[in-house]
Amino acid sequence: MPGGATHPYDLIVLVGDSLTQHGWDVGKHGWAAQLSRDYVRTMDVVNRGFSGYTSRWSRLVLPRVMPHYAGAQDSGDRVPKLQLVVLFFGANDAMFPGYKHHVPLDEFKDNLRAMVDAVRSPASELHSPDARFLLVTPPAFGDKQYLAFDDPGKGRRTELDRDNAGAKTYATAVCEVAAQLQVPCVDLWTAMEAAVEAKRAQGQASECDGYDEFLWDGLHLNDNGNDLLYGLVKEAIKDNYPDIYPDTMPFVVPGFRDFADADELAQMLDK
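Residues numbered from 1 in each chain as written. Predicted model: local features only at pLDDT ≥ 70, side-chain atom pairs only at ≥ 80, totals over all residues. Heavy atoms only, no water.

Chemist: Looking at this model, I keep getting lost on empty space enclosed by the protein. Mind explaining?
Modeler: Unfilled space is identified by rolling a water-sized probe across the atoms. Inspection of the entire model under this criterion finds two cavities of 30 Å³ or more. Considering only enclosed or pocket space, the largest cavity measures out at about 70 Å³ in volume. Here the lining of the largest cavity is composed, by residue class, of eight nonpolar, one polar and two charged. Taken as a whole, the second largest cavity encloses approximately 40 Å³ of empty space. Lining the second largest cavity are Ser18, Leu19, His22, Gly23, Trp31, His220, Leu221 and Asn226. (1 Å grid on protein atoms, 1.4 Å probe; cavity = no way out; pocket = protein on both sides within 12 Å on 5 of 7 lines; lining within 4 Å. Points joined across faces, edges and corners; volume = space filled by probe spheres on them. Nonpolar A, V, L, I, M, F, W, Y, C, P; charged D, E, K, R; others polar.)

Have a look at this one:
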């Protein structure tokens, strides 16, 4: 391979449950896929979403799956930096007590703080001094839609295992932790609820109370829900971390219009 300076892509890591894992689903306008598209020439977007997981389980998994370069020796080559961590939890934690997934509210908040601290703390093996954070609340929850959804192979549910009141409680907790840690919060619950309320006020809500505008089964984001979250995340990055806003970041390697031939490109890459 030719010598010269290396140009690694810095990282954005998305950590969450199925709402993050499914964020890669381009068929439903996945919010993570849209974000990755925007950063394709500037940063790598890494999806660490685990379907069915809670903050309790993800706290245990995080040290084993988070990209990090603690202790990496810099021998003239630049090591990739973790620039942004997006934590998106609460939808499963909010299940009713007695269910395997239920995480009490105080523990939930402690888990969020611990995951941020695992990256922030100089004493942590995951310490990334350049990392910034976004916390995302769970979305609003469609109680009626969730019960009405006919899950292939499972049929319809006969009772709720969570509800929108619980989603609101856990969303509020995410906002509280974000304020305490002084990191931005993307309040998806409130944004979705406001849009649904507006539909109701206009008499346009469906028999599922309007939540099917953003959810395909009462819990997971459909095209509109993914578009909404993608827009909120991108806006939060622009407002809080403008240096990593994708629309204005310089390419890692030059665009083809920026050099005349291979020799000029090689010279640019060696800088």
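Now, onward.
Chemist: Where do I start with the pattern of salt bridges in this structure?
Modeler: Pairs may arise between side chains of opposite charge once their charged atoms sit close together. Per the counting criterion, the structure on display carries twelve salt bridges. With a shortest N-O distance of 3.8 Å, Lys28 and Asp25 are connected by a salt bridge. Look at Lys28 and you get partly exposed, because its relative accessible area is 29%. For Asp25, a relative accessible area of 30% puts it in the partly exposed group. The partner of Arg200 in a salt bridge is Glu193, with the nearest N and O atoms 4.0 Å apart. Among the residues examined, Glu193 registers a relative accessible area of 11% and is labelled buried. (Salt bridge = Lys/Arg side-chain N within 4 Å of Asp/Glu carboxyl O. Buried < 20%, exposed > 50% of the residue type's maximum accessible area, 1.4 Å probe, protein only.)

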